[in-house]
Amino acid sequence: MIAGFMLAYHFVTPAPPRSITIGTGSPEGAYFDYAKTYKKLLAEDGIELRPRNTAGSAENLKLLEAESGGVDIAFVQGGLKHLSKTDNLLSLGSLFFKPILIFHRMGIELKRLPDLKGLRVAVGKEGSGTRILATRLLDLNGITKENTRLLSIGNQKAADMLLGGELDVAIFVSTHRASYVLQLLQSRSVKLIGLERAEAYALRYHYLYVLKLPEGVLDFRANIPSGDLTLAAPTTQLVVRSELHPALIGLLMLAAKKVHRSGGGFEREGEFPAPKYLDFELSREAERFYRTGPPFLQRYLPFWVATFLTRMKIMLLPLVALLYPLFKIMPLAYRWKIRSKIYRWYSELAAVDPKVHTGDLTDHLKDYLLKLDLIEEQVSNISVPLSYSDEL
């Protein structure tokens, strides 16, 4: 049995790590804000989540693939799977839409992307998903660095330059929750425009989805936007290394559900997180979560207790190997124990058998009768189940 337990222990899954790192984006972006919320939720179960600021989704992918010094999980913009150089990454699902937002300073008439030719346009920082998607759409419309001044700068800096008149247009791939987007939405010197031919872009790139933004949906009091807009948007996925501990995936899914289920300006309640709009293969644990909810033990027990019991379930194998013969032996052992209370008196009874003492029976009859009385008295105090009373 000791050997059986030792062998089984070799197959026990290691305990989950106490701390993991998540790739976010710039500190002023929505990714970083979401990471802080995730951190609070995971801390309740004793897991430390360390946010790591990056240039954006493209850098997050590199860090996920790094053999050392990388991250364990990251927010990744849809449509960037082609940048991945490994099959070692899995998706936990889509979290929210991240639309293409085009702001321009007042005094410029813009209707289509070709109208950007010759202007000063911020297209996102190197290593960001914004820059990859923005330059891809601009290329379709003949907007290149040869005929337009395309600036690769960070989101906050682009917003500041646009408000300061140093830029004509700034393109972001972001949510309305980002601080720099809120800053621009509330400004009277810049304007948010829709993406003309959004449906055509969505047909060209399968990871883009057409969003209808009704007038005033972002801010009814300030009437933002001031008119109905049509936008195109990829989704943001939560991508993890394939070797991430399965118990942590369940914990991350619970956190994602709490954070993103309520929806927002671009999402309906309950629409996210969802196992759709994915570039990467869906994790098996995440697929099980979407189908049946959290693991059974995690629904009713603290995380670390549930994890320990889940890890130790393989130790039941040697225990079953022990219990099976015990179940067969126990009835025999029980029968022997009960009968031993009765049968041991047969040797005492045989000692006073008249056949043994034929020669001196008359002389010692009184002693033998006394012995029999003593045996009868002691046997009468024996307690056995009713099924054995006939033998008693």
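Up top is the structure these notes are about.
Cut-offs and rules
- Residues numbered from 1 in each chain as written.
- Predicted model: local features only at pLDDT ≥ 70, side-chain atom pairs only at ≥ 80, totals over all residues.
- Heavy atoms only, no water.
- Helix = DSSP H or I, 4+ residues; strand = E, 2+ residues; numbered from the N terminus.
- Rg over C-alpha atoms; globule rule 2.2 N^0.38 Å.
- Buried < 20%, exposed > 50% of the residue type's maximum accessible area, 1.4 Å probe, protein only.
- Contact = heavy atoms within 4.5 Å.
- Areas by Shrake-Rupley, 256 points an atom, 1.4 Å probe, with all protein chains shown as cover.
- Lys, Arg positive; Asp, Glu negative; His and termini not counted.
- Charge placed at Lys NZ, Arg CZ, Asp CG, Glu CD.
- Axes fitted to C-alpha atoms, helices over the stretch in contact; angles between N-to-C directions.
- Parallel < 35°, antiparallel > 145°, perpendicular 65-115°, else oblique.
- Left-handed = near helix turned anticlockwise from the far one by under 90°.
- Nonpolar A, V, L, I, M, F, W, Y, C, P; charged D, E, K, R; others polar.
- Pairing = 2+ DSSP bridges.
- Expected span 1.5 Å × (residues − 1).
- Core = buried A, V, L, I, M, F, W, Y, C linked by side-chain atoms within 4.5 Å.
- Phe/Tyr/Trp six-rings, centres within 6.5 Å; stacked < 30°, edge-to-face > 60°.
- Lys NZ or Arg CZ within 6 Å of the ring centre and 35° of its normal.

**Focus on the overall build of the chain**
The secondary structure content of the chain amounts to 13 helices and twelve strands. The C-alpha radius of gyration of the chain comes to 38 Å, more than 25% above the 21 Å expected for a compact globule of 392 residues. With respect to the principal axes defined by its C-alpha atoms, the chain has extents near 140 × 45 × 35 Å. Expressed as a percentage of the 392 residues in the chain, the buried residues total 44%. For the chain, restricting intrachain contacts to residue pairs at least 6 apart in sequence, the fraction spanning at least 24 positions comes to 75%. When the accessible area of the chain is evaluated, it comes to approximately 21,600 Å², of which 56% is carbon and sulfur surface. Averaging the coordinates of the 49 positive side-chain charges in the chain and doing the same for the 41 negative ones gives two points 7 Å apart.

**Considerations on the packing of helix α8 (residues 246-260) against helix α9 (residues 284-292)**
Between two packed helices, both the angle of their axes relative to each other and the distance between the axes serve to describe the pair. At a minimum axis distance of 9 Å, the contact between α8 and α9 shows a crossing angle of 45 degrees. The angle between α8 and α9 places the two elements in the oblique class. In the crossing of α8 with α9, the sense of the turn from one axis to the other is right-handed. Contacts between α8 and α9 involve P246, I249, G250, M253, L254 and K257 from the first element and E285, A286, F289 and Y290 from the second. For the contact of α8 with α9, the class distribution of residues is seven nonpolar, one polar and two charged.

**Looking at the sheet that holds strand β5 (residues 100-105)**
The five strands are arranged β7-β6-β8-β5-β9 in an open sheet whose pairing can be described as mixed. One side of each edge strand has no neighbouring strand; the edge strands of this open sheet are β7 (149-151) and β9 (190-193). On average, adjacent strands in this sheet sit at an angle of 25 degrees to one another, irrespective of strand direction. Bridge count between strand β6 (residues 120-122) and β7: three bridges; the pairing is parallel. Residue pairing across strands places R120 opposite R149, the latter belonging to β7.

**Description of helix α2 (residues 30-43)**
Under the 1.5 Å per step criterion, the end-to-end length of α2 is 20 Å for 14 residues, consistent within 8% with the ideal 20 Å. All buried positions along α2 are accounted for by A30, Y31, F32, Y34, A35, Y38, L41 and L42.

**Brief notes about the environment of A306**
Here A306 lies in helix α11 (residues 303-312). Residues A306 and F296 lie ten residues apart in sequence; the distance between their C-alpha atoms is 8.7 Å. In contact with A306, not counting residues within four places along its chain, are L297, Q298 and L301.

**A short note on the nonpolar core**
Formed by 33 residues in total, the largest nonpolar core has its most connected members in I20, Y38, L42, I73, F75, L92 and L244. The residues touching Y38, leaving out its near neighbours within four places in the chain, are L49, L95, L238, L252, A255, A256, V259 and H260. Counting 29 residues, the second largest nonpolar core, distinct from the first, contains L101, A159, F266 and A274.

**Points about the sheet that holds strand β4 (residues 89-97)**
Taken in spatial order, the five strands of this open sheet run β2-β1-β3-β12-β4, and their pairing is mixed. At either margin of the open sheet sits one strand with a lone partner, and together these are β2 (48-52) and β4. Strand-to-strand twist across the sheet, computed as the mean angle between neighbouring axes with direction ignored, equals 25 degrees. In terms of strand pairing, strand β3 (residues 73-77) meets strand β12 (residues 235-241) through five bridges, oriented antiparallel. Looking across to β12, one finds that Q77 is bridged to T236.

**A few points about the packing of aromatic side chains**
In this structure the tally under the stated criterion is 16 aromatic pairs. When the centroid spacing of 5.2 Å and the interplanar angle of 20 degrees are considered together, the rings of Y31 and F75 count as stacked. Of this pair, Y31 sits in helix α2 while F75 sits in strand β3, and the two are 44 residues apart along the sequence. Here F172 and Y180 contribute two aromatic rings whose centre-to-centre distance is 5.2 Å and whose plane-to-plane angle is 40 degrees, an arrangement assigned as tilted. For the residue pair F172 and Y180, the accessibility class agrees, reading buried in each case. By the ring-pair criterion, three or more aromatic residues cluster together here, those being Y31, Y34, Y38, F75 and F96. The lysine or arginine in question, R18, covers the ring of W304, its NZ or CZ lying 3.8 Å from the ring centre. Just above the ring of Y205 sits the side chain of R136; from NZ or CZ to the centre is 5.7 Å.

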